[in-house]
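What follows is the residue order along each chain.
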Amino acid sequence: NPVITPEKANCTISEENRQFYADVIAGLKSEPKHLDSKYFYDANGDKLFQELMNCDEYYPTNCELEIFSEKTAEICDALIADGDAFDLIELGAGDATKSSFLLKYLLDKNADFTYLPIDISDNVISYLNITLPVTLPGIKITGLNGEYFQMLKKAATISSRRKVVLFLGSNIGNMPINDAIEFCRELRGNLSEGDMVLIGMDLKKDPRVILAAYNDKDGITREFNLNLLRRINRELHADFNIDQFEHYPTYDPESGACKSYLISLQDQEVMIGHEKVSFKKDEYIYMEISQKFTIMQTDQIAINTGFQPVGQFFDTKKWFIDAVWVA
Ligand code: AVI
C-alpha cells in the first residue's frame, strides 16, 4: 500500500466521518490521550471481534451462549406472561445468535410478539430482516437502524405494547461506570412501568482468567486494538506507524476495571489530516474499558437507575450474569 504522507493526502473528511475525526482529534489532544472503543467496529474490527469470540481465552460469549441455550424456557418465563402481547427489542443485535434461542422458543409457543432489533449498522439490520424470516418462519420482525435511544423512541411510536429489552454481551461494561449508570437511567426513561430488561454483564472472577481473555496468545485482541489506528490511517488520512505502538492490557481485581492501552514505543509525531499529534516514548493511549461486576453491583445499578432486579441467570461457572430488571 502506498504510504499516505500528509502532503500527498487528500485530507477531505467525508460527511459520515466528521464526528469520528472530531472525537479522535479531541481524544489524542487530551491529557491523558484516549480513543473511543465504539470506533473499533469497522468491517475489519467486526471480523476480528468474531475471531475473538471463537478464541480459547475469550470466555464471555460462550458463557452467555450457555445461559441462553440451557435456560431458554426459564428466561422466557421470567420475561413474559401467557397470552401477553409484547415487543422484543434488542439493543445492538449483531447476528442475533443468542436471542435466536428465545425467538425460536417464543415462536414454538405461539407467543404474540414482534422482534425489533436495533443496530447502528445498516448491514446488520438488512441481514436480520432478510435472514430471520427464513431461519425462523413466522417471525414478525421490524429492524431499526440507528442510535439506541432514537430507535427506542421510534419503536414507541410504532407500537404501544409492553416492551422487553435485551442488552446482551456485557456491552454495558464498555462504558465508564458513570456513563453506564447514565445509560441505564436513560433506558428507564424510555420505558414504562412493567416493561422489562434482560441485561448481560460479565462478573468478577479469577483475575488471571480475565486478563488472559484480553491478552490472547494469538494476539487477536492486540490486532483488534491496533486496527483502530489502521482505521484512522485509512479514513482520517493519518500516518500512524502501527509497529511503533504496543498493546498493553490490564486488569484491576479491586475495581473490576479491565482496561487496554496502546503504548508508544518511541518519541514520535503523527499527522491526522492537518493535525499533528506528538507522542513521548512510553506515553499511552487509553483504548477501552471492559468493566467486571459483582452480583451485588448489578442489583445496585438496577435499583439506582429506577429498575427492580427480579431475576438472575448464570452459566455453570458463574462467570457471567443475565439479569432481569423490571421498570
Ligand atoms: C463488545 N465487548 C463487550 C467486548 C468486551 O469484552 O469488552 C469487546 C472486547 N474488547 C476486547 N475484547 C473484546
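Along each chain, the written sequence defines residue order, and numbers are assigned to residues from 1. Side-chain atom pairs in this predicted model are given and counted only at pLDDT of 80 or more, local residue features only at pLDDT of at least 70, and totals for whole chains, interfaces and linings cover all residues. Values reported for side chains reflect all heavy atoms of the structure, with hydrogen atoms and water molecules removed beforehand.

Asker: What's the story with the site of the ligand in this structure? I'm lost.
Answerer: Here a residue is considered near a molecule or strand provided that any single heavy atom belonging to it is located within 4 Å of it. Around the ligand lies a shell of 13 residues, among which Tyr58, Asn174, Tyr214, Glu288 and Ser290 are the nearest. Within 3.5 Å is the distance limit for a polar contact, defined as a pair of N or O atoms, with the added protein rule that one can donate a hydrogen and the other accept it, and that residues adjacent in sequence qualify only through two side-chain atoms. Between the ligand and tyrosine 214 there is a distance of 2.6 Å, counted from an oxygen atom to a side-chain nitrogen or oxygen. Glutamate 288 places a polar side-chain atom, nitrogen or oxygen, 2.8 Å from a nitrogen atom of the ligand. Considering the ligand on its own, with 340 Å² of exposed area, one finds that the protein chains cover 96% of that surface. The helix count covers DSSP runs of H or I at least four residues long, the strand count covers runs of E at least two residues long, and both are numbered beginning at the N terminus. Those elements giving two or more residues to the shell around the ligand turn out to be α2 (43-53), α10 (220-235) and β11 (284-291). Across the shell around the ligand, the residue classes break down as 6 nonpolar, 6 polar and 1 charged. In short, Shrake-Rupley with a 1.4 Å probe defines the accessible areas, and a residue's cover is counted only from the protein chains shown. The classification used treats Ala, Val, Leu, Ile, Met, Phe, Trp, Tyr, Cys and Pro as nonpolar, Asp, Glu, Lys and Arg as charged, and all other residues, Gly among them, as polar.

Asker: It is not clear to me how the environment of phenylalanine 314 should be interpreted in this structure. Could you clarify?
Answerer: Within the secondary structure, phenylalanine 314 is located in strand β12 (residues 308-314). With 112 residues separating them along the chain, phenylalanine 314 and aspartate 202 place their C-alpha atoms 10 Å apart.

Asker: Hey, could you run me through the packing of aromatic side chains in this one?
Answerer: The geometry of an aromatic ring pair comes down to the distance between the two centres and the angle between the two planes. The rule is short: rings of Phe, Tyr and Trp, with Trp giving its six-membered ring, pair when the centres are within 6.5 Å, and they are stacked under 30 degrees, edge-to-face over 60, tilted in between. With the rule as written, the count across this model stands at 21 aromatic pairs. A centroid spacing of 4.9 Å and a plane angle of 80° characterise the contact between phenylalanine 40 and phenylalanine 224, whose relative ring orientation is edge-to-face. Linking phenylalanine 40 in the loop between β1 (33-34) and α2 with phenylalanine 224 in helix α10, this pair joins segments that are 184 residues apart in sequence. Comparing phenylalanine 40 with phenylalanine 224, the two get one shared label, buried. Ring geometry for phenylalanine 167 against phenylalanine 183: centres 5.0 Å apart, planes inclined by 25°, an arrangement best described as stacked. Remark: phenylalanine 183 occurs in helix α8 (residues 177-189) and phenylalanine 167 occurs in strand β5 (residues 162-167); sequence separation between them is 16 residues. In this pair, the class of phenylalanine 167 matches that of phenylalanine 183, namely buried. Consider the ring centre and the ring normal. A charge sits over the ring if Lys NZ or Arg CZ is within 6 Å of that centre and within 35 degrees of that normal. Lying over the aromatic face of phenylalanine 314, lysine 318 brings its terminal NZ or CZ to 4.5 Å of the ring centre. With a 1.4 Å probe rolled over the protein chains alone, any residue whose accessible area is under 20% of its type maximum counts as buried; one over 50% counts as exposed, and the rest are partly exposed.

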